[in-house]
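# Observations on the model geometry
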Amino acid sequence: MSVRRPTLQQLLLICLLCLLGSALRAESQPVHEWQPAVQQLFPSATRLIEKQGTPPVYQAFQLDQLLGYAFESTDYSSLQGFSGKPIRLLIGMTPEGKLTGVTVLEHHEPVFLHGLGEQALFDFAGQYAGRNIATPIVVGSTHGGSVDGDAVGYIDGVSKATVSVVILNETVLQSAMTVARALLPDFAQGPQAVARAELFEPLDWQQLQARGLLQHWQLDTATVEAALGNSLTLYPGFSDDTDLPFSELYFAYLNTPMTGRNLLGDEVFSRLQSELLAGEQALLVLSRGQYPHVPDDFIPATAPSRINLLQHGKAIELHDMNFNNGILLPLLDAPAGDWQANIFRIKTHAAFNPVDSAALQLNVTLRRNPLSERQSHFEQALTLEPDLFELQEVSTVAAPAPIWLQMWQQRAWQIAVLLASLVLVSVVFVRQHRVSQQARGFHLLRGGFLLFTLLFIGFYAQGQLSVVNIFTLLLALWHGFDITVFLMDPVIFILWTFTFISLFLWGRGLFCGWLCPFGALQEMVGWLAKKLHLRQWKISERWHHRLQWLKYLILISLIPTAFYSLTLAERLAEVEPFKTSITLVFVRSWPFVLYAVLLLGIGLFVHKFYCRYVCPLGAGLAILGRLRLFSWLTRIDACGKPCQHCHNKCEIGAIKRSGAIDYDECIQCLECIVILNNEDQCVAQISARKQAARAERANNIIVSDWMPQN
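On to the side chain of E576. Position of E576 among the secondary structure elements: in the loop between α21 (566–572) and α22 (578–583). It turns out E576 is buried and unbridged, and the closest side chain with the opposite charge, K579, is 5.9 Å from it. Setting aside anything within four residues of it in sequence, one finds E576 in contact with S466, V467, V468, Y610, P616 and L617.

Glancing now at the pairing of strand β12 (residues 307–311). Most of β12 is tucked away: five of the five residues are buried. Across the two faces of β12 the burial is the same, with I307, L309 and Q311 and N308 and L310 all buried. Both β12 and strand β16 (residues 358–369) contribute to a ladder of five bridges, which runs antiparallel. By the bridge assignment for β16, N308 is matched with Q361. The pairing of β12 with strand β13 (residues 314–316) spans three bridges and is antiparallel. If you follow Q311 over to β13, its bridge partner there is K314.

Below, the discussion takes up the sheet that holds strand β14 (residues 319–320). Strand order in the open sheet formed by five strands is β9-β10-β11-β15-β14, with antiparallel pairing between adjacent strands. Looking at strand neighbours, the two that pair on one side only are β9 (215–219) and β14, the edges of this open sheet. Direction of pairing for β14 relative to strand β15 (residues 340–346): antiparallel, over a ladder of two bridges. Residue pairing in the sheet places D320 in a bridge with F344 of β15.

This next bit is on the packing of aromatic side chains. Given two aromatic rings, one states the distance between the centres and the angle between the planes to describe the pair. This structure, assessed with the given rule, holds 26 aromatic pairs. Through a chain of ring-to-ring contacts, three or more aromatic side chains come together here, namely W413, F429, F442, F449, F452, F456, Y460, W506 and W514. Positioned over the ring face of F200 is R261, at 3.7 Å from the centre of the ring.

The strand order across the open sheet formed by four strands is β13-β12-β16-β17, and the pairing between neighbours is antiparallel. The sheet is open, and its two edges are formed by β13 and β17 (372–382), each paired on a single side. Neighbour-to-neighbour, the strand axes of the sheet open up by a mean angle of 35°, direction not taken into account. Lying on the sheet, helix α7 (residues 221–228) is in contact with β16 and β17; it crosses β17 at an angle near 125°.

When you line up the elements, S466 lands in the loop between α14 (439–460) and α15 (467–479). Residue S466 is classed as buried on the basis of its relative accessible area, which comes to 3%. Taking the C-alpha atoms as reference, S466 lies 9.7 Å from I492; in sequence the two are 26 residues apart. Filtering out sequence-adjacent residues up to four positions away, S466 remains in contact with W496, E576, F578, K579 and L617. A polar contact is formed between the side chain of S466 and the side chain of E576, at a distance of 2.6 Å.

Across the six residues of strand β2 (residues 57–62), five count as buried, placing the element largely inside the fold. Of the pairings in the sheet, the one linking strand β1 (residues 47–52) to β2 comprises four bridges and is antiparallel in character. Each residue of the ladder has a partner; that of R47, found in β2, is F61. Taken together, β1 and the strand that follows it, β2, pair antiparallel across an intervening segment of four residues, in which G53 is found at a positive phi of about 85°. With five bridges connecting them, β2 and strand β3 (residues 65–72) associate as antiparallel partners. In the strand pairing of β3, Y58 is matched with A70.

Cut-offs applied
- Residues numbered from 1 in each chain as written.
- Predicted model: local features only at pLDDT ≥ 70, side-chain atom pairs only at ≥ 80, totals over all residues.
- Heavy atoms only, no water.
- Helix = DSSP H or I, 4+ residues; strand = E, 2+ residues; numbered from the N terminus.
- Buried < 20%, exposed > 50% of the residue type's maximum accessible area, 1.4 Å probe, protein only.
- Lys, Arg positive; Asp, Glu negative; His and termini not counted.
- Salt bridge = Lys/Arg side-chain N within 4 Å of Asp/Glu carboxyl O.
- Contact = heavy atoms within 4.5 Å.
- Pairing = 2+ DSSP bridges.
- Phe/Tyr/Trp six-rings, centres within 6.5 Å; stacked < 30°, edge-to-face > 60°.
- Lys NZ or Arg CZ within 6 Å of the ring centre and 35° of its normal.
- Axes fitted to C-alpha atoms, helices over the stretch in contact; angles between N-to-C directions.
- Polar contact = N/O pair within 3.5 Å; in protein donor to acceptor, adjacent residues only side chain to side chain.

The structure is reproduced here in structure tokens:
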């Protein structure tokens, strides 16, 4: 008895049903109830009190002893996640400011929902347990750090989810600091001091130093050796030369015009003020010596590990504002020497009060070898003139930090490369006839660009656009548009902006044919099929036109679902294999991998099967592409009558028998323009060449008839 093997189409259908079942099971999971969730944060609690008071918190008691507070982040932070919605967290904190844990109640982050899996997010949130909010918590450093005692606490980030975890970290800190300042005596604030903008008089470097507005700190070698208990000669790269300072620093508080304008000048001081959000403050630090305030490999726009502020016994994290040293150092008129200079941002939720006692802390970590290191901390008082400030009552709600700006700064070179590639592809489209005159050269150009799209835009920069981005945009327009949500990922933002503009110029083809990483991968599968001489499955024109409507049906099914349940829509959007193949490079559970591989496998026999018949993103772009201003692809009278060469050669099936181009389906590979410019392929040019040859022969015969005979 023979067993019938399932066809490729049947396997594809089975995978889709498995993914749909997974989505529906996820949607049916119950929402966390507050009592078991709070009990999990305080396991020894014998009594829980429901959320109440100002600020609204749950209270956990063991008999009559207060164990701590639990609170939901959405009551204190409006910071939106990458999906456009806040990440809702339940945070537990003791009366001493120690976090007992962070539970993710609700989120819509695409990279975790249909990418890395939610366990990666839960594991990240699990790192907060036991950490004290008096110590700054920084994501993604390799320095490590203990739970208590260190100047800065580091937690591991999540690869491919940098934006989401940074947002989650800011949400935890904003919420916890707001509750702590309101309920915990050790975090209580008095009136906040604000710089008086009208106070200014010109002062030079020496005068600023004499008045204490610019402070000098020199840490000598002997002091450091005494603290470490070792000679500096034991540590590679360091010397015990007493004439060479271990570290020499100048530092100044820049919000006051008396200091900031005198040090930076009017123009740069105004620029600094414009980059600071309401309630944020800035600190200038210069240093030189064996141990400057930042190492040589310091990444701009991040938090330094070597310095931070101390106030009321609590460490305050600093964030580099990425003011280039090449701009700063010439302005500062500093003493001669090899200085490093940075301006650091003090965020609003740190609640730094410039008129209260504070200190700059230098954290010294020296390694003798990979297994042995010594640490010590040194402090220098930071004092400011009280007359330069006026007192204001503290706002109870901290303004969210501009995380999107940090993301753009950190990815500056990626942005530059992406913009250059977009300029190149625009030139190709504008000058398509000249570019396509040499068929071999054009094919090399297009092949190289598709390889760049797959490797750089897709695998490296994670610039694969998705129908999920359309959900986010529509929901943002429905609930109140906030552009900062879209600015969180600069590569996606730039690609979407360029694609949107190009839709009204050339239609969907520029993105689908040149800038889509999965489309590029499918194209390369087609190249492989040609190399292997695989027979292509011929789909009749009747079925081809019917199947084209499938992607539109998928799109109009997904969009209403997003308004009903974004979580369900994100699960159903797994019809796109982008996250599996591009974002996670096939490192995922087997149903998702099998589905993506099957789509690519079909592409070996049906050119770009997914793009032509399944892709809901392509359907959405095609709808908007109907508003294009131009039909750039040249047609001539011979196209379709009688010439069918372009129609037969168009692998995407976008050229009709009449010779007209279906721009809703065309991916603008420009192959038809290559044919049009090739005198050996275009029927019109072949016919014209033959007519010219016949005319030349006829002229030769006539001339020979009229020539006199000998």
